[in-house]
Amino acid sequence: MVEGDDPQWRERQRQAVRAHADADARRRAAEQAQAAELVAWFVAEATRRGLPTTRLVARGYDGRGRYRTRLTGWYVDRAGTRAVDVDGRFHLLTVPGGLRARLFGVDPQPSPAPLVVGAGGRDGESMPLRTLLTRLLDDAPGDSGGPRPTTRPAGPGA
């Protein structure tokens, strides 16, 4: 009898696959919860410090078009493709684009924030979300326009 023909073997394989999928789902949920906590901390700290917000603009998938959104917040990366809005939601700001988007704007939906921004990308450039958010706060002018303090809040879980 071949292993694959044994019903017990197939059931054990199904259970193993299910167990791996469940463990992966739990890991992703824990990471998303941790990232959401970081984003909430960032919004509270940015608001407390008076970090200026900007009207967020989405870009087309092809990288050529720029499209208005109703979102206000802070860009997380230099490319302007990821942002946090004032309500504490993380957004990927790449959209299909087209004439309708050019005329009426776009409404990018929030997505779960990653703990590592750019992980799995082909360019190999990734950075922890905590580092990007802390850098935004550090690069902002101080509350009074004077020198910034040399210490900073570490953020949640640091």
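In what follows, the accompanying structure is described.

Here the focus is the nonpolar core. In this structure, Phe-42, Leu-51, Val-76, Val-84, Leu-129 and Leu-133 are the most contacted members of the largest nonpolar core, which totals 19 residues. Elements that contribute at least two residues to this core include exactly helix H1 (7–49) and helix H3 (129–139). Top element by residues in this core is H1. It accounts for seven residues. Not counting the four nearest positions on each side in its chain, Leu-129 is found in contact with Ala-35, Leu-38, Val-39, Val-76, Phe-90, Ala-113, Pro-114, Leu-115, Val-116 and Val-117.

Turning to H1, a few remarks are in order. The terminal C-alpha atoms of H1, which comprises 43 residues, lie 63 Å apart, in line with the 63 Å expected from a rise of 1.5 Å per residue. One or two positions beyond H1, positive phi appears at Gly-50, with a value near 75 degrees.

In this section: the pattern of salt bridges. With the rule as written, the count across this model stands at 10 salt bridges. Measuring nitrogen to oxygen at the nearest pair gives 2.7 Å for the salt bridge that ties Asp-85 to Arg-89.

Here five strands make up an open sheet; going across it, the order is S4-S3-S2-S1-S5 and the pairing mixed. The open sheet terminates on both sides in strands that have one partner only, identified here as strand S4 (90–92) and strand S5 (94–95). Sheet topology note: the strand S1 (residues 54–60)/strand S2 (residues 66–75) ladder contains five bridges and is antiparallel. Across the sheet, Ala-58 pairs through a bridge with Tyr-67, a residue of S2.

Below, the discussion takes up the packing of aromatic side chains. For the coordinates displayed, the defined rule picks out one aromatic pair. Considering the side-chain rings of Phe-42 and Trp-74, the 5.3 Å spacing of their centres and the 85 degrees angle between planes classify their relative orientation as edge-to-face. Highlighted residues: Phe-42 in helix H1 and Trp-74 in strand S2, separated in sequence by 32 residues. For Phe-42, a relative accessible area of 0% puts it in the buried group. Overall, the relative accessible area of 6% leaves Trp-74 in the buried class.

How each quantity is defined
Residues numbered from 1 in each chain as written. Predicted model: local features only at pLDDT ≥ 70, side-chain atom pairs only at ≥ 80, totals over all residues. Heavy atoms only, no water. Core = buried A, V, L, I, M, F, W, Y, C linked by side-chain atoms within 4.5 Å. Buried < 20%, exposed > 50% of the residue type's maximum accessible area, 1.4 Å probe, protein only. Helix = DSSP H or I, 4+ residues; strand = E, 2+ residues; numbered from the N terminus. Contact = heavy atoms within 4.5 Å. Expected span 1.5 Å × (residues − 1). Salt bridge = Lys/Arg side-chain N within 4 Å of Asp/Glu carboxyl O. Pairing = 2+ DSSP bridges. Phe/Tyr/Trp six-rings, centres within 6.5 Å; stacked < 30°, edge-to-face > 60°.

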